[in-house]
Amino acid sequence: AQSVTQLDSHVSVSEGTPVLLRCNYSSSYSPSLFWYVQHPNKGLQLLLKYTSAATLVKGINGFEAEFKKSETSFHLTKPSAHMSDAAEYFCVVSVMNRDDKIIFGKGTRLHILP
Amino acid sequence: DTEVTQTPKHLVMGMTNKKSLKCEQHMGHRAMYWYKQKAKKPPELMFVYSYEKLSINESVPSRFSPECPNSSLLNLHLHALQPEDSALYLCASSQVSRQVNTEAFFGQGTRLTVV
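Counting of residues starts from 1 at the beginning of each chain's written sequence and follows it residue by residue. A letter from A marks each chain and a number from 1 marks each ligand, given out in the order of writing. In view of the model being predicted, local features appear only for residues whose pLDDT reaches at least 70, and side-chain atom pairs are presented and counted only at 80 or more, with totals across whole chains, interfaces and linings using the full set of residues. Side-chain numbers here rest on the full set of heavy atoms in the structure, without hydrogens or water.

### Some details on the overall build of chain B
Here is step 1: Each helix and strand counted, chain B has zero helices and eleven strands in total.
Here is step 2: Starting at the N terminus, helices and strands are each numbered in turn, a helix being any DSSP run of H or I of at least four residues and a strand any DSSP run of E of at least two. Starting at the N terminus, the α and β elements of chain B follow one another as β-β-β-β-β-β-β-β-β-β-β.
Here is step 3: With C-alpha atoms as the basis for the radius of gyration, the globule rule is written as 2.2 Å multiplied by the number of residues raised to the power 0.38. Relative to a compact globule of 115 residues, whose C-alpha radius of gyration would be 13 Å, chain B shows 14 Å and is just as compact.
Here is step 4: Dimensions along the principal axes, computed over C-alpha positions, put chain B at roughly 45 × 25 × 25 Å.
Here is step 5: We call two residues in contact whenever any of their non-hydrogen atoms come within 4.5 Å of each other. Looking at chain B alone, contacts between residues at least 24 apart form 54% of all its contacts between residues at least 6 apart.
Here is step 6: Element-wise, carbon and sulfur atoms account for 50% of the exposed surface of chain B, whose accessible area totals about 5600 Å².
Here is step 7: Of the side chains in chain B, 13 bear a positive and 10 a negative charge, and the two mean positions are spaced by 6 Å. All accessibility values rest on the Shrake-Rupley procedure with a 1.4 Å probe; residue burial counts only the protein chains present in the view. Residues scored as positive are Lys and Arg, those scored as negative are Asp and Glu, and His as well as the terminal groups of each chain are ignored. A charge is said to be at NZ when it belongs to Lys, at CZ for Arg, at CG for Asp and at CD for Glu.

Encoded structure:
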């Protein structure tokens, strides 16, 4: 079975400071991992994905994430937060070749302080 | 074209009404999904279609009836809904591959209000 845990329900950072959103996963198989962002009353937009190629993945809007198998983690980072980054972020695990499911974490609300 | 298009964007319906949500994609994806999202919660999987056949039904009440008439379209038929069914309904699609895990592309959702 697959699962994903986002360790923080809310994260607040000041504009211009680094962002760290934490995600741990559990999977019996080689997982694919994704980060999605959702702005208020909007659908979900893919930020980046890991599919067993490079462990450091670069995404859109300056975000990146590192897959660490030994720690079963896939934390999302950004060097410098922008006001427009305020949104809900979801870590997602997928093992499509096993059970066709996409499993969401509970989400982390990112607040950007001026 | 990397879009998943959902219509309508907003829907208000009474508890005795029958309505349908529509979802369309032209990326050649053969897996399509319906999710329900309540406020401040992650999306919850409702149904998965793979090659136009229902592969997963997450014990969804029968007042929700999915339909996949072809590889580009996914419908969700609604009948006799309850106020607690009010939510954002998201459609998604992805490739089906037994070798590579691919991302899902999401639509903007239909904001449903049941009165």
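### Re the overall build of chain A
Here is step 1: Tallying secondary structure elements over chain A gives one helix and twelve strands in all.
Here is step 2: In chain A, the order of α-helices and β-strands from amino to carboxyl end is β-β-β-β-β-β-β-β-β-β-α-β-β.
Here is step 3: Whereas a compact globule of 114 residues would reach a radius of gyration of roughly 13 Å, chain A reaches 14 Å, a difference of no more than 12%.
Here is step 4: Over its C-alpha atoms, taken along the principal directions, chain A stretches across nearly 45 × 30 × 20 Å.

### Re the nonpolar core
Here is step 1: Buried Ala, Val, Leu, Ile, Met, Phe, Trp, Tyr and Cys residues that are joined via side-chain atoms within 4.5 Å together make up what is termed a nonpolar core. Partly exposed residues are those whose accessible area sits between 20% and 50% of the maximum for their type, while under 20% is buried and over 50% is exposed, using a 1.4 Å probe and protein chains only. If you look at the biggest cluster of nonpolar residues, it comprises 26 residues, and the most contacted ones within it are Trp35, Leu48, Leu76 and Tyr89 of chain A.
Here is step 2: Among the elements that take part in this core, strand S10 (residues 87-94) of chain A stands out by supplying four residues, more than any other.

### Considerations on the state of the cysteines
Residue and element names in this part refer to chain B.
Here is step 1: Note on terminology: pairs of cysteine sulfur atoms within 2.5 Å are recorded as disulfides. A complete count under the given rule lists two disulfides over all chains for this structure.
Here is step 2: Paired through a disulfide, Cys23 and Cys91 show a sulfur-sulfur distance of 1.8 Å. Classification of the bridge connecting Cys23 and Cys91 rests on its S-S torsion, roughly -70°, and on that basis the disulfide is left-handed. A residue pair is termed long-range when its members are at least 10 positions apart, and Cys23 in strand S3 (residues 18-25) and Cys91 in strand S9 (residues 87-94) qualify at 68 residues.
Here is step 3: Of the residues examined, Cys91 reaches a relative accessible area of 0% and is grouped as buried.
Here is step 4: No disulfide involves Cys68; its sulfur sits 9.2 Å from that of Cys23, the nearest cysteine.

### Considering the confidence of the model for chain B
Here is step 1: By definition, pLDDT measures how confident the predictor is in each residue, and it falls between 0 and 100. Averaged over all residues, the pLDDT of chain B is 92; the fraction at 70 or higher stands at 94%.
Here is step 2: Averaged pLDDT values for the elements of chain B fall to 90 in strand S6 (residues 53-57) of chain B and rise to 98 in S3 of chain B.

### Comments concerning unusual backbone geometry
All names here are of chain B.
Here is step 1: Cis geometry marks the peptide bond from Thr7 to Pro8; its omega dihedral reads -10°.
Here is step 2: Inspection of the secondary structure puts Pro8 in the loop between strand S1 (4-7) and strand S2 (10-13).
Here is step 3: Phi at Tyr51 takes a positive value of approximately 50°, unusual for a residue other than glycine.

### Topic: the interface of chain A and chain B
Here is step 1: In this complex, chain A contributes 25 residues to the contact, which on the side of chain B involves 26 residues.
Here is step 2: What counts as buried area is the accessible surface, traced by a 1.4 Å probe, that two parts surrender upon association, with contributions from both included. Summed over both partners, the interface of chain A with chain B buries about 2100 Å², with 52% contributed by carbon and sulfur atoms.
Here is step 3: Only one rule defines a salt bridge in this text: a Lys or Arg side-chain nitrogen within 4 Å of an Asp or Glu carboxyl oxygen. Where chain A touches chain B, the interface holds one salt bridge.
Here is step 4: A salt bridge links Glu103 of chain B to Lys49 of chain A, with the shortest nitrogen-to-oxygen separation between them at 2.7 Å.

### Quick notes on the environment of Pro66 of chain B
All names here are of chain B.
Here is step 1: Relative to the elements of secondary structure, Pro66 occurs in strand S7 (residues 64-70).
Here is step 2: Given the relative accessible area of 17%, Pro66 is considered buried.
Here is step 3: Excluding anything up to four places from it in sequence, Pro66 contacts Trp34, Phe47, Tyr49, Leu54, Asn75 and Leu76.

### Topic: the environment of Ser12 of chain A
Residues and elements named next belong to chain A.
Here is step 1: Positionally, Ser12 belongs in strand S2 (residues 10-14).
Here is step 2: Placed 98 residues apart in sequence, Ser12 and Leu110 show a C-alpha to C-alpha distance of 5.9 Å.
Here is step 3: Each residue touching Ser12, except ones within four places of it in the same chain, is listed here: His111 and Leu113.

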